[in-house]
Amino acid sequence: MLPPIWSLETEAVFSSLSSSPQGLAPQEVQQRLIENGPNELPDPPRRPLLLRFLDQLTHFMALLLWVAGILAFISGATELGWAIWAVIWINALFSFSQEFQAERAIAALKNVLPAQAKVFREGVLGIVPARELVPGDLIQLEEGDRISADARLISVQALYVDTSILTGESLPVARQANPIAAQGTVPSGGKVQPAELSNLVFAGSTVAAGRGLAVVYATGNRTEFGHVAHLTTTVKREPSTLEFQISRIVRFITGLAISMGMLVFLLTQFLVGMDFQESFVFAIGIIVAFVPEGLLPTVTLSLAIAVQRMAQRNALVRRLSAVESLSATSVICTDKTGTLTQNEMTVRSLWIPNQSIPVTGVGYSPVGQVDLPADSHAQLQAKLLLVGGALCSNARLIHLTSPAQGKVKPISDWQEVGDPTEAALLVAALKAGLESEQLQQRSPRLREVPFDSNRRMMTVVLDWNLAELWPNEHAYLSFTKGSPLDVLNHCQWMLAAGQLVPLGEAERTLITQANDHWADQGFRVLGVAARKGDRELLDQPPEDLEQELIFIGLTAMMDPPRPEVAEAIAHCHRAGISVTMVTGDYGKTAAAIANNIGLVQGKARVVTGHELSHLSDAQLRQILHRWPGLIFARVMPEQKLRIVEAYKSLGQVVAVTGDGVNDAPALQAANIGIAMGRNGTDVAREAADIVLLDDNFASIVSAVEQGRSVYQNIRKFMTYILASNVAEIVPFLLMVILKIPPALVILQILAIDLGTDMVPALALGAEAAEPGTMNQPPRAKHKPLLDRSLLARAYGFLGPLEAFAGMAVFLAVWQQQGYGLADLQAITPQILQHQADPQVLNIYHQATTLTLATIVACQDGNVFACRSERRSIFRMGFFSNPLIWIGIVSEWTIILAIIYLAPLENIFGTAPLRLDQWGMLIMWPFLLLGLEELRKFVFTRRAAGEINSRNPVR
Ligand SMILES: Nc1ncnc2c1ncn2[C@@H]1O[C@H](COP(=O)(O)OP(=O)(O)OP(=O)(O)O)[C@@H](O)[C@H]1O
Ligand SMILES: [Ca+2]
């Protein structure tokens, strides 16, 4: 048996996996991919479709309907019995297909952002999809990465991994790269103990801090995670509060329906004097008609549609419930670098004491010049600054015209891998003819203290052999780069004109002023310092290593704002959303950028992380309350959490962006956590509700717009459905009050609720966002979906109008045939007892048919009315949502079939209409739409008046 991988020396690790320090060759990878299969876990088994369809036939509401159907059969109303059972099936099919579609839409999102891995192949670092990893691959691990295969470490720099998904251990555990002696480590019987085997990392865990290189030895099912995966991969889709709200509404309306049904039963029994069976049929019919069975699936589908639309606009929603929080978002706390700016850094200037040196060129292509000073000391120092920056970085430049290895997406000819800040330093050095790989070969790196955003510095220790730049009487040299003031704090000396000068107040002021000069113009400034020494540079703990440094110079780099961002911020302000910048960058840099993009006007209020740590919660809340455009600068990721919680305690709905490991708590605490898809870490993505595929602030704003529009759409189709319910119930109320036969029969009600209304309602659920959506303040957090204005519009305005139309045509048909109200009342008992003569019955059938057709026609007017709560349909255009027309065609197909196909005529109690009767219904939809337009007109006038009388300045 082979010795276990954790007991091997590095060379043996490579040879046992037939790999090398260069990584595998592409052909070899292909071969191994075929042998081992892709590095992914099989999808968890899903509930078979048939069973899921059966679920739809057996949930509570369906059971209720089955019972109602059986009761109908028992009481002899066979037709109604069949109809109710048909309702169950139609509903089940409809809900099933909607849920299926919604699920597919969401499942498709999984492939939008595939997991990736950084891997060396033939010595070149590239990014490949994690599913293409094979045993033998040499992978690079960095802070925040999710590890996608089991691997043996061969080098580490302060590497800590979070193995909680495997072991439940929540604290990060330290990893190392040396072989472990075989004896006594693993208990005989040999279950791998991840925590014990400190030179292994496992798929499913994440890098909490530091960096490392590792060789993959197991992929896919053969990983440790693969063994337990079947237990953990089933992700539960928790219902959102919106869905809770809807099911509450459904329950409420069901209750209402049942009491209505009972009331109708009692009234028809005791007031109208119907016989028992007939009353019973009415009661059941009313209950069935009123229960909004299709509501929940329609809501789910319109959420899924929104999620799809958001993905098209670069916002990947990971939890459905995020959609509704988006609609109520009132504050966005955003990063600066990469979100508001392009994260494309270019060094524009160098500064060494008393001298600035311009650098030309754009982007990452090393085309441009460093205008090196003529003075030899200054020239050497400028070069030293560039060399220090280049050697103290882990980024790489890839020139894509050279045969590209791996699958690196081409963005420009020159692309950076790694931190853009560091890539910019490499480019600047290259422009001065200093090639980082050559430098690295001559002065190999012996140690690294990785960058972290709390220290804001990074240090490397080199075996210094570049004496022509800077003679070194010691063996080693360290370079530290980082935020200028932090670096300066660790310096004792300054290099100037080839001499070490002790740093006094004057020198410090000089450097700080240079820093502020660049920062005020929006430049990101880094300081570079060095230290000479021997053995101690390798052994000292980081705190001691980064002491007594020699300050060398500053680099100023530009990261231009994204072009769309100013517009997006203006949108936010119009939409009543405050934007707060929370950045790790320097206050002056942040303020300059904020001004540039319109986040603040005039002088910005900047709160530094240091200041923040001295503020009490109450003071913080007061600041947040007072300043709409705020900047938090030099904050640590941990402090984001405090800002988020303070906003929440003010009752705001907070969206927050983040990219790093330490951002995860804030992302989780916020109402909406937004992670970066391009430059974010896997850890941040997994903590977030939404992942921005393009890291762009503007995408957040368009997601908010989509969120608002779903919310509006749900209100739209609810209004639409509730309005026709009124027209359905009024005939029965009038039957009782006026003692006339009902103007609709039960099956006709079912034809509306489960036939004609369905597709138009769906079409309303898929409406695009209205143009004015972002001109209104966010909705109040606790405002219920069914608020007073919606109920008033549906039950108090649209519904009664339709009911009036339906009753008017009903009575008009009788009138036409010479039956006034009194005559009708006289023959009512015969009609109800099915004893009227055929001629009268025929008139009755025509009258109910016309009422049915009129209500459906009114719903056509209504569907256009409901497309917006306040915008005129003439401004929206009748053809801007083609689905509406599909809905209308479906309505009339159903209605015409019911009226003119003989077998259906019998079931639905309809009769063919004459042309003049059709003429009677034609005006109603126009009347309804016209009155709605009038209402909207009055409403917008009033709203405009209110806005004008308010102080327009925020
Ligand atoms: N690779 C690096 N090496 C050394 N110092 C760095 C490096 N990257 C950033 N810094 C310094 O640390 C500071 C904080 O960086 P951090 O990444 O936390 O925030 P940021 O990128 O500046 O801003 P934001 O929080 O808006 O993304 C930077 O302003 C810079 O001065
Ligand atoms: Ca950052």
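Computed from a predicted model, the values in this text were never measured in an experiment.

Colleague: Mind showing me how you'd approach the overall build of the protein chain here?
Modeller: Within the protein chain, the secondary structure is distributed over 36 helices and 26 strands. Principal-axis analysis of the C-alpha atoms places the extent of the protein chain at approximately 120 × 75 × 50 Å. The 954 residues of the protein chain split such that 55% are buried. Long-range contacts, defined as pairs at least 24 residues apart, comprise 73% of the intrachain contacts of the protein chain with a sequence gap of at least 6. As displayed, the protein chain offers around 40700 Å² of accessible surface, 59% of which is attributable to carbon and sulfur atoms. Within the protein chain, one finds 74 positive and 87 negative side-chain charges whose respective centroids are separated by 4 Å.

Colleague: Help me understand the UniProt feature "transmembrane region" (unreviewed entry) in the protein chain, please; the structure alone is not making it clear to me.
Modeller: UniProt annotation of "transmembrane region" (unreviewed entry) refers to residues 57–74, 252–274, 280–307, 790–814, 883–903 and 915–931 when read in the numbering used here. Annotation note: span residues 915–931, helix share 94%, strand share 0%, distance between end C-alpha atoms 26 Å.

Colleague: Explain a nonpolar patch on the surface to me, please; I cannot follow it from the model alone.
Modeller: Together, I922, M923, F926, L927, L931, L934, F937 and V938 line one region of the surface with nonpolar side chains, adding up to about 790 Å² of accessible area. Along the chain, L934 turns up in helix α36 (residues 923–949).

Colleague: Whenever I open this one, the packing of helix α19 (residues 565–574) against helix α26 (residues 697–738) confuses me. Can you help?
Modeller: Packed helices, taken two at a time, are described by the angle their axes make and the gap between the axes. Packing of α19 against α26 brings their axes to within 8 Å, and their N-to-C directions diverge by 35°. In this structure, the crossing between α19 and α26 has a hand that is left-handed. Every residue of α26 that contacts α19 at V565, A568, I569, H571 and C572 is listed here: F697, A698 and V701. Residue composition of the contact of α19 with α26, grouped by class: seven nonpolar, one polar and no charged.

Colleague: Explain the site of ligand 1 here, please?
Modeller: For ligand 1, the set of nearby residues contains 17 residues, the closest of which are K336, E422, R524, T583 and G584. Within the contact set of ligand 1, an oxygen atom lies 3.0 Å away from a backbone nitrogen or oxygen of T337. A distance of 3.1 Å is found between an oxygen atom of ligand 1 and a side-chain nitrogen or oxygen belonging to D585. Taking 600 Å² as the accessible area of ligand 1 by itself, protein coverage stands at 90%. Mapped by element, the contributors of at least two residues to the shell around ligand 1 are β16 (476–482) and β19 (524–533). Broken down by class, the residue content of the shell around ligand 1 amounts to two nonpolar, six polar and nine charged.

Colleague: Sorry, what's going on with the sheet that holds strand β26 (residues 690–692) here?
Modeller: Each strand in a sheet pairs with its neighbour through backbone hydrogen bonds, running either in the same direction (parallel) or in the opposite one (antiparallel). Taking strand neighbours across the sheet as the criterion, the eight strands line up as β8-β26-β25-β24-β9-β21-β23-β22 in an open arrangement whose pairing is mixed. Two strands lie at the open edges of the sheet, namely β8 (315–317) and β22 (605–608), each paired on one side alone. Strand-to-strand twist of the sheet, defined as the mean angle between neighbouring strand axes without regard to direction, takes the value 20°. Strand direction decides the pairing type here: strand β9 (residues 331–334) and strand β24 (residues 654–658), joined by three bridges, are parallel. Considered in β24, the bridge of C333 is made with V656. Of the strands in this sheet, β8, β9, β21 (578–582), β24, β25 (672–676) and β26 touch α26, which is tilted by about 160° from β9.

Colleague: Please clarify how the packing of α26 against helix α29 (residues 788–816) should be interpreted in this entry.
Modeller: Running from N to C, α26 and α29 point in directions that differ by 45°, and their axes come no closer than 7 Å. The pairing of α26 with α29 is recorded here as oblique in orientation. In the packing of α26 onto α29, the handedness of the crossing is right-handed. Where α26 abuts α29, its residues R715, T719, L722, A723, S724, V726, A727, V730, P731 and L734 lie against S789, L790, L791, R793, A794, Y795, L798, G799, P800, E802, A803 and M807. Across the contact of α26 with α29, the residue classes tally to 15 nonpolar, four polar and three charged.

Colleague: So what exactly am I meant to see when it comes to the packing of aromatic side chains here?
Modeller: Aromatic ring pairs are reported here in terms of the distance separating the ring centres and the angle at which the planes meet. One pass over the structure, following the stated rule, counts 18 aromatic pairs. Between W518 and F523, the ring centres sit 5.5 Å apart and the planes meet at 80°, which makes this aromatic pair edge-to-face. Judged by its relative accessible area of 10%, W518 falls in the buried class. Chaining the aromatic ring pairs together yields one cluster made of F864, F874, F878, F879 and W885. When the ring centre of W470 is taken as reference, the NZ or CZ atom of K532 above it lies at 4.0 Å.

Colleague: I keep staring at helix α23 (residues 637–649) and nothing clicks. Help me out?
Modeller: At 3.6 residues per turn, the α-helix brings residues three or four places apart onto the same side. P637, Q639, K640, I643, V644, A646 and Y647 are the residues of α23 that are buried. Relative to the axis of α23, the buried residues are bounded by an arc of 165° and lie together on one face. G651 sits one or two residues past α23 and shows a positive phi near 85°.

Colleague: Would you mind going over unusual backbone geometry with me for this structure?
Modeller: For residues that are not glycine, phi is negative in most cases, and the peptide bond is trans in most cases. Here the phi dihedral of E122 falls at roughly 50°; this positive angle occurs in a residue that is not glycine. Relative to the helices and strands, E122 resides in the loop between β1 (116–121) and β2 (124–129). A relative accessible area of 41% means that E122 is categorised as partly exposed. Unlike most non-glycine residues, A158 shows phi in positive territory, near 50°. Note on placement: A158 falls in strand β4 (residues 150–162).

Colleague: In this structure, what is going on with the confidence of the model for the protein chain? I would like to understand it.
Modeller: Low pLDDT marks stretches whose predicted atomic positions should not be read closely. Scored by pLDDT, the protein chain comes out at a mean of 86, with 93% of its residues at no less than 70. Within the model, pLDDT remains below 50 along residues 402–411, and this stretch shows 15 contacts once partners closer than five positions in the same chain are excluded. Low pLDDT (under 50) marks residues 950–954, which in the prediction has two contacts with non-local residues, meaning those over four places away or in another chain. Overall fold confidence (pTM) sits at 0.81, and the ipTM for the predicted complex is 0.96.

Colleague: I'm lost on the pairing of strand β3 (residues 138–142) in this one. Help?
Modeller: Among the five residues of β3, five are classified as buried, and the element is accordingly described as predominantly covered. Along β3, one buried face is formed by L138, Q140 and E142 and the opposite face, lined by I139 and L141, is buried too. Sheet analysis places β1 next to β3, joined by three bridges and oriented antiparallel. Within β3, the residue paired with K118 across the bridge is Q140. As paired elements, β3 and strand β7 (residues 206–218) share five bridges and run antiparallel to each other. In the sheet register, I139 faces β7, and the bridge partner there is A214.

Rules used in this analysis
Every chain is numbered on its own, with residues counted from 1 as its sequence reads. Chains and ligands are labelled by the order in which they are written, letters from A for the one and numbers from 1 for the other. It should be noted that, the model being predicted, local features are given only for residues of pLDDT at least 70 and side-chain atom pairs only at 80 or more, the latter also being counted only at that level, while totals for whole chains, interfaces and linings use all residues. Heavy atoms throughout the structure, all of them, feed into the side-chain values; hydrogens and water do not. The helix and strand labels rest on DSSP assignments: H or I over at least four residues marks a helix, E over at least two residues marks a strand, and numbering proceeds from the N terminus. Burial classes: relative accessible area under 20% of the type maximum marks a residue as buried, over 50% as exposed, and values in between as partly exposed (1.4 Å probe, protein chains only). Here, residues are in contact when the closest pair of their heavy atoms is within 4.5 Å. Using a 1.4 Å probe, accessible areas were evaluated by the Shrake-Rupley method; residue-level cover was limited to the displayed protein chains. Charge assignment in this entry is limited to Lys and Arg as positive and Asp and Glu as negative, and neither His nor the chain termini are counted. The atoms used to mark charge sites are NZ of Lys, CZ of Arg, CG of Asp and CD of Glu. UniProt positions are given in the numbering used here, feature names are shortened, and annotations may be inferred rather than shown by experiment. Residues enter patches when they are more than 30% accessible in relative terms and free of salt bridges; like-charged ones are connected within 9 Å and nonpolar ones (Val, Leu, Ile, Met, Phe, Trp, Tyr) within 5 Å. Definition used for salt bridges: Asp or Glu carboxyl oxygen within 4 Å of a side-chain nitrogen of Lys or Arg. To obtain an axis, a line is fitted to C-alpha atoms, over the contacting stretch when the element is a helix, and the angle between two such axes runs from 0 to 180 degrees between their N-to-C directions. Left-handed describes a crossing whose near helix is turned anticlockwise from the far helix through less than a right angle; right-handed describes the clockwise counterpart. Side-chain classes follow a simple rule in which Ala, Val, Leu, Ile, Met, Phe, Trp, Tyr, Cys and Pro form the nonpolar group, Asp, Glu, Lys and Arg form the charged group, and the remainder, Gly included, forms the polar group. Here a residue counts as near a molecule or strand whenever at least one of its heavy atoms sits within 4 Å of it. Pairs of N or O atoms are called polar contacts if they sit within 3.5 Å, as long as, within protein, a hydrogen donor faces a hydrogen acceptor (for residues adjacent in sequence, only side-chain-to-side-chain pairs). Strand pairing requires that DSSP identify at least two bridges connecting the strands. The scheme is simple: roughly parallel for angles under 35 degrees, roughly antiparallel for over 145, roughly perpendicular for 65 to 115, oblique for anything else. Stacked, tilted and edge-to-face are the three classes applied to pairs of Phe, Tyr and Trp rings, where Trp contributes its six-membered ring and a pair requires centres within 6.5 Å; stacked means planes under 30 degrees apart, edge-to-face means over 60, and tilted covers the rest. Comment: the charge-over-ring label is applied if NZ (Lys) or CZ (Arg) is within 6 Å of the ring centre and within 35 degrees of the ring normal. Arc, as used here, means the arc of the directions from the helix axis to the C-beta atoms. The predictor attaches a confidence to each residue, and that confidence, scored 0 to 100, is pLDDT.

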